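What follows is the residue order along each chain.
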Amino acid sequence: MEYGEFKEEIRKALEEFYGESAEVELAEPLKNNGKRHDAVIIRKKSGGSTAPFIYLEEFYQMYRDGGMDIEGCVRGIALSNEEGRCQPQAEEFFGRLLE
């Protein structure tokens, strides 16, 4: 599967995985080094305003090398998404810092 097809399959699979509880979007954020990288953003509809970028290149590499199928990539992305979110306590702490 070509990389463009992979990105679209991942987006569709994540939409199915999260259902109505989140919005899934593909993005190409500009990193500090001036390069753009393909990422997915998963915005949960209930709670929290933060949503980390989950970069797709490494997942594609694992998929292409046979180390992970689409379902495994979706589980890995979902786990990375949960680990990358600020915890409610952290959001509260940073909110107080900005007051």
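See above for the structure.
For the structure given in this document, a descriptive report is provided here.

One pair of aromatic rings is described through two measures. These are the centre distance and the angle between the planes. Taken as a whole and assessed by the stated rule, the structure comprises seven aromatic pairs. Between the aromatic rings of Y3 and Y60, the centroid separation amounts to 5.0 Å while the plane-to-plane angle is 65 degrees, which identifies the pairing as edge-to-face. With a gap of 57 residues between them, Y3 in helix α1 (residues 3–18) and Y60 in helix α2 (residues 57–64) connect regions that are remote in the sequence. In this structure Y60 comes out as buried when scored by relative accessible area, which is 11%. Centroid distance F17 to Y18: 5.0 Å. Interplanar angle 80 degrees. Geometry classified as edge-to-face. Given a relative accessible area of 10%, Y18 falls into the buried group. Among the aromatic residues, those joined into a ring-pair cluster are Y3, F6, Y60 and Y63.

So, on to the packing of α1 against helix α3 (residues 70–84). Working note: a packed helix pair is described by the angle between its axes plus the distance between those axes. Taken N-terminus to C-terminus, the directions of α1 and α3 make an angle of 65 degrees; their axes are 10 Å apart at the nearest point. Taken together, the axes of α1 and α3 are roughly perpendicular relative to one another. Relative to α3, the crossing made by α1 is right-handed. On the side of α1, the interface is formed by F6, E9, I10, A13, L14, F17 and Y18, while α3 contributes I70, C73, V74, I77, A78, N81 and E82.

Turning our eyes to something else, we now look at the pattern of salt bridges. Here the structure, examined in full by the defined rule, presents seven salt bridges. For the salt bridge of R11 with E8, the shortest nitrogen-to-oxygen distance reads 2.1 Å. Here R11 pairs with E8, and both are found in helix α1, just three residues apart, close to one helical turn. One network of salt bridges, in which partners are shared, links E8, R11 and E15.

The next point concerns the side chain of R11. A relative accessible area of 19% places R11 in the buried class. The contacts of R11, once residues within four sequence positions are left out, are V24 and L26.

Criteria and cut-off values
- Sequence order as written defines the numbering, with residues in each chain counted from 1.
- Where local features are concerned, this predicted model is filtered to residues with pLDDT of at least 70; where side-chain atom pairs are given and counted, the filter is 80 or more; whole-chain, interface and lining totals use all residues.
- Side-chain measures were taken over the full set of non-hydrogen atoms in the model, leaving aside hydrogen atoms and water.
- Two rings from Phe, Tyr or Trp (for Trp, the six-membered ring) form a pair when their centres are within 6.5 Å of each other. A pair whose planes differ by under 30 degrees is stacked, one over 60 is edge-to-face, and the rest are tilted.
- A run of DSSP states H or I qualifies as a helix once it reaches four residues; a run of E qualifies as a strand once it reaches two. Both are numbered from the N-terminal end.
- The cut-offs for exposure are 20% and 50% of the maximum accessible area for each residue type, with area from a 1.4 Å probe on protein chains only; residues under the lower value are buried, those over the upper are exposed, and the others partly exposed.
- Every angle, taken between N-to-C directions, lies between 0 and 180 degrees, and every axis is a line fitted to C-alpha atoms, over only the stretch in contact when it is a helix.
- The scheme is simple: roughly parallel for angles under 35 degrees, roughly antiparallel for over 145, roughly perpendicular for 65 to 115, oblique for anything else.
- Here a crossing is taken to be left-handed if its near helix is turned anticlockwise relative to the far helix by less than a right angle, and right-handed if that turn runs clockwise.
- Contacts are residue-level and defined by heavy atoms, with any inter-residue pair within 4.5 Å sufficient.
- Criterion for a salt bridge: a side-chain nitrogen of Lys or Arg within 4 Å of a carboxyl oxygen of Asp or Glu.

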